[in-house]
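Reading the structure
If you want the building blocks of each chain, they are given just below.
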Amino acid sequence: MTCTALMTDIVPPYELAGPAEAPAIAVLGGISASKHVSHQPSDESDGWWEGVVGEGCGIYTRASRVVSFDWLDGGRAPDGRPARRVSTYEQADALAAVLDEAGIDRVEAIVGASYGGMVALAFAERHPARVGRVVVNGAAHESHPMSTGIRAIQRRIVELGLDTGRARDGLALARALGMTTYRSAREFAERFEPGRIDEDGTFDVERYLLHHGERFAATWRPERFLALSLSTDTHRVTPEAIATPAVLIAAEGDTLVPREQLIELSRRLAGPNVIRDFPTRYGHDAFLAEPERFGETVAHALTLPLA
C-alpha cells in the first residue's frame, strides 16, 4: 500500500460535553472510537465509553469539559485505498485545531486509550504547553514488532478483499483476526470450551470472532481501516522530549502493548511518570470491557500526585 503524507488544516468533527467553565479533559479512544464518547443532553445515544465518561463516572461531566473528535483518515483513493498517510502527530495537531476553535487554551489532561494513547503522547511532545498531564492506556512510544506483524497481515487481508471485489469480507476477516489480540488468552480459555464445534463445522470461538468481524465490516470503509491501522504502526514519538507528567496504565494480559514496553517508555520519559497495573481477564480491551472499574482507575490517575 502506497500513499502520500497527509497535509491538512481541516478541523475534524468534534464534540464538547460538560460545563463550559469547567477544566477541560480530552478523551481519545482506539481507531474505531468517535467524537461521541457518552450520552448527553444534545445526543442521548450511547457513546463508545459509557461508564467511564458521564454522570457519576471516572470522568465526571458535571465537573469537566470533555473534548473529543473524529480521527483524520486521509480520504479515499480511486482504488479504494487511502489517498494519503496520516500520523499520530497529525492527529495531535488536529486536536490542537479543535481546541483553538473551541476556545480552549489548555486541557488539564488527555486520557488516551490504545491509538488515543499514542496520540496523547504525540500531543505532549508537540504541544507541551497545552496539556497538564497524560493518562495513557494500552499505548507506548512505538508499536511492538509482533503487533505490527499482525496488523500488517490484517491490512493484506483487506487489500486482497479490495483486489477481488470482496472488500467487506476482507474487513470482516481482518477484524476477526484483530479480536484475537484485543482480548486475552485467559478470557478465551475461560469463555470457550476447547474443541467445541457445531454441526456446521464452526467452533464457538470462531463464531464469536466472525460475529464481531461482520459487525465491524457493516459500518467501516476499507480506506479508513487501512489508514488508521498503518498510522498505528508508523507511530513513533521521542520519550526524552516529553516532559508532561504521565500515568501509564498497563492492562494485565495486553498482548498488543506488553508491560515491558511501558517500562521502557517510563524509563525514557523526561517528565515525572508512574505505571499503574490494571488486573483484568480482558487484556488490551479491558478499558472497554470493564468501564466502571476502569473509570475508577482513570479518576485516580487524574488526581495522582506526580513529583
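Residues numbered from 1 in each chain as written. Predicted model: local features only at pLDDT ≥ 70, side-chain atom pairs only at ≥ 80, totals over all residues. Heavy atoms only, no water.

1. Here we look at the nonpolar core
Where we set the bar: What we call a nonpolar core is a set of buried Ala, Val, Leu, Ile, Met, Phe, Trp, Tyr and Cys residues that are connected through their side-chain atoms within 4.5 Å. The buried label goes to any residue with under 20% of its type's maximum accessible area, the exposed label to any with over 50%, and the partly exposed label to all in between, with areas taken from a 1.4 Å probe on protein chains only. Helix and strand definitions here come from DSSP, where helices need a minimum of 4 consecutive H or I residues and strands a minimum of 2 consecutive E residues; each element is numbered from the N-terminal end.
Leu 95, Ile 110, Phe 123, Val 134 and Phe 225 are the most contacted members of the largest nonpolar core, which has 62 residues in total. Counting residues per element, this core draws most heavily on helix 2 (residues 115-126), at 8 residues. Grouped together as the second largest cluster of nonpolar side chains are 27 residues, Val 247, Ala 251, Phe 278 and Leu 304 included.

2. Considerations on the packing of aromatic side chains
Quick note on the threshold: Stacked, tilted and edge-to-face pairs are distinguished by plane angle, under 30 degrees for stacked and over 60 for edge-to-face with tilted covering the rest, among Phe, Tyr and Trp rings (Trp via its six-membered ring) whose centres lie within 6.5 Å.
As enumerated under the stated definition, the model contains 12 aromatic pairs in all. Ring centres 6.1 Å apart and planes at 85 degrees place the aromatic pair Trp 49 and Phe 287 in the edge-to-face group. Taken together, the residues span a long stretch of sequence, with Trp 49 in the loop between strand 3 (24-28) and strand 4 (53-54) and Phe 287 in helix 9 (residues 286-289) at a distance of 238 residues. Taken individually, Trp 49 and Phe 287 each receive the classification buried, so the pair is uniform in this respect. Among the aromatic residues, those joined into a ring-pair cluster are Trp 48, Trp 49, Phe 278, Phe 287 and Phe 294.

3. Remarks on the pairing of strand 2 (residues 14-17)
Going by this rule: Strand pairing is assigned whenever DSSP detects at least two bridges linking the two strands.
Residues Glu 15 and Ala 17 point to one face of strand 2 and are all buried, whereas Tyr 14 and Leu 16, pointing to the other face, are not buried. Pairing geometry for strand 2 and strand 6 (residues 65-69), over 4 bridges, is antiparallel. By the bridge assignment, Tyr 14 is partnered in strand 6 with Phe 69.

4. Brief notes about the pattern of salt bridges
A side chain with one charge can pair with a side chain of the opposite charge if their charged atoms come near. For the record, the criterion: Between Lys or Arg on one side and Asp or Glu on the other, a salt bridge is scored when a side-chain nitrogen of the former is within 4 Å of a carboxyl oxygen of the latter.
Summed over the entire model, instances satisfying the criterion amount to 30 salt bridges. A salt bridge links Arg 151 to Asp 233, with the shortest nitrogen-to-oxygen separation between them at 2.8 Å. Of the two residues, Arg 151 is situated in helix 3 (residues 145-163) and Asp 233 in helix 7 (residues 222-234); the sequence distance between them amounts to 82 residues. In this structure, the salt-bridge partner of Asp 204 is Arg 196, at a minimum N-O distance of 2.9 Å. Residue class for Asp 204 comes out partly exposed when judged on its relative accessible area of 22%. Take Arg 196: its relative accessible area is 42%, and that puts it in the partly exposed class. A single salt-bridge network, built from bridges that share partners, covers Asp 73, Arg 76, Arg 221, Glu 223 and Arg 224.

5. Side note on the packing of helix 3 against helix 4 (residues 167-182)
Put simply, the rule reads: With axes taken as lines fitted to C-alpha atoms, and helix axes fitted only over the stretch in contact, angles between N-to-C directions fall between 0 and 180 degrees. Throughout this description, any angle smaller than 35 degrees is read as roughly parallel, any larger than 145 degrees as roughly antiparallel, any in the 65 to 115 degree range as roughly perpendicular, and the remainder as oblique. Here is the rule for handedness: rotate from the far helix to the near one, and if that takes an anticlockwise turn smaller than a right angle the crossing is left-handed, while a clockwise turn gives right-handed. Residue contacts are defined here by distance: any two heavy atoms, one from each residue, within 4.5 Å place the two residues in contact. Note that Gly is not counted as nonpolar here; it falls among the polar residues with everything else outside the nonpolar set of Ala, Val, Leu, Ile, Met, Phe, Trp, Tyr, Cys and Pro and the charged set of Asp, Glu, Lys and Arg.
Axis separation between helix 3 and helix 4 bottoms out at 6 Å; the angle between their running directions is 165 degrees. With respect to each other, helix 3 and helix 4 are oriented roughly antiparallel. Of the two possible hands of crossing, helix 3 and helix 4 adopt the one that is right-handed. Here Ile 150, Ile 153, Gln 154, Ile 157, Val 158, Gly 161 and Leu 162 of helix 3 lie close against helix 4, whose contacting residues are Ala 167, Gly 170, Leu 171, Leu 173, Ala 174, Arg 175, Leu 177, Gly 178, Thr 181 and Tyr 182. Here the contact of helix 3 with helix 4 is built from residues that sort into 11 nonpolar, 5 polar and 1 charged.

6. A word on the sheet that holds strand 11 (residues 273-278)
Strand order in this open sheet of 7 strands is 2-6-3-8-9-10-11, and the pairing throughout is mixed. In the strand order of this sheet, the two ends are held by strand 2 and strand 11, each with one partner. Between one strand and the next, the sheet's axes are offset by a mean angle of 15 degrees, whatever the strand orientation. As paired elements, strand 3 and strand 6 share 3 bridges and run parallel to each other. The residue of strand 6 that forms the bridge with Ala 24 is Arg 65.

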